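Take a look at the letters that make up each chain.
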Amino acid sequence: MDKSTIKQEIIKMLESQGPKSKSKIEDHIRAEMGNNGDTISRRMRELVASGVLRKDQREYEDKKYWEYSVIELPKPYANIEQPYAETLDL
């Protein structure tokens, strides 16, 4: 069984699927790991605070929401073969 953390799962999801809203991330992680929304939101805030995720405000049908994405690695590290989520000690 895969023993990845919530943070690693969030990063893997965003790397594979691109930027997503908070609710989409929470729904995905809840379905995959069974965690509640508060715990997932806390991990997302921690990833933003540590500089791993970017949080941008977007608008859809005149409603604002937050979109999360993985901050890209600087150019010297961009050719690393291993997925970013697996390089972090979370």
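Heads up: the structure comes first, above all this text.
For every chain, the first residue of its written sequence is number 1, and the numbers climb from 1 along that sequence. Selection of residues for local features in this predicted model requires a pLDDT of at least 70, selection of side-chain atom pairs for listing and counting requires 80 or more, and totals for whole chains, interfaces and linings are taken over all residues. Note that water and hydrogens are dropped before the side-chain values are worked out from all heavy atoms of the structure.

Side note on helix 1 (residues 6–17)
Here comes step 1: Only runs of H or I of at least four residues qualify as helices and only runs of E of at least two qualify as strands under DSSP, and these elements are numbered from the N terminus. The span one expects for a helix is its residue count, reduced by one, times 1.5 Å. Taking 1.5 Å per residue as the helical rise, helix 1 with its twelve residues ought to reach 16 Å, and the 16 Å between its terminal C-alpha atoms agrees with that figure.
Here comes step 2: Relative accessible area decides the class of each residue, using a 1.4 Å probe on protein chains only: under 20% of the type maximum gives buried, over 50% gives exposed, and in between gives partly exposed. Of the residues making up helix 1, those classed as buried are Ile 6, Lys 7, Gln 8, Glu 9, Ile 10, Ile 11, Met 13 and Leu 14.
Here comes step 3: In the stretch just after helix 1, Gly 18 is the one whose phi turns positive, near 85°.

Considerations on the packing of aromatic side chains
Here comes step 1: Working definition: a ring pair exists when centres of Phe, Tyr or Trp rings (six-membered ring for Trp) sit within 6.5 Å. Plane angles under 30 degrees give stacked, over 60 give edge-to-face, the rest tilted. By the definition in use, this model includes zero aromatic pairs.
Here comes step 2: Looking at Lys 55, its charged tip hangs above the ring of Trp 66, at a distance of 4.6 Å from the centre. Whether a charge lies above a ring is judged from NZ of Lys or CZ of Arg, which has to be within 6 Å of the ring centre and within 35 degrees of the ring normal.

Notes on the environment of Gly 18
Here comes step 1: Mapped onto the elements of the fold, Gly 18 is located in the loop between helix 1 and strand 1 (20–21).
Here comes step 2: With relative accessibility at 17%, the residue Gly 18 sits in the buried group.
Here comes step 3: C-alpha separation for the pair Gly 18 and Tyr 68, spaced 50 residues apart in sequence, amounts to 8.8 Å.

What about the side chain of Glu 26?
Here comes step 1: Within the secondary structure layout, Glu 26 lies in helix 2 (residues 22–33).
Here comes step 2: For the purposes of these results, a polar contact is taken to be a pair of N or O atoms within 3.5 Å, where, inside protein, one atom must be able to donate a hydrogen and its partner to accept one; residues adjacent in sequence count only when each atom of the pair is a side-chain atom. A polar contact of 2.4 Å, which involves the side chain of Glu 26, links it to the side chain of Ser 41.
Here comes step 3: Whether two residues are in contact is decided by their heavy atoms: any pair within 4.5 Å suffices. With sequence-adjacent residues up to four places away left out, Glu 26 is seen in contact with Gly 37, Ile 40 and Ser 41.

A closer look at the pairing of strand 2 (residues 53–60)
The side chains of a regular strand alternate, first on one face of the sheet and then on the other.
Here comes step 1: For two strands to be treated as a pair, DSSP must find no fewer than two bridges joining them. Examined bridge by bridge, strand 2 and strand 3 (residues 63–70) share eight bridges and lie antiparallel to one another. Counted as the bridge partner of Arg 58 is Tyr 65 from strand 3.
Here comes step 2: The loop that links strand 2 with its antiparallel partner strand 3 comprises two residues; one of these, Glu 61, has a positive phi angle of about 50°.

What to know about the pairing of strand 3
Here comes step 1: Across two bridges, the pairing between strand 1 and strand 3 is antiparallel. Bridge pairing in strand 3 links Lys 20 to Tyr 68.

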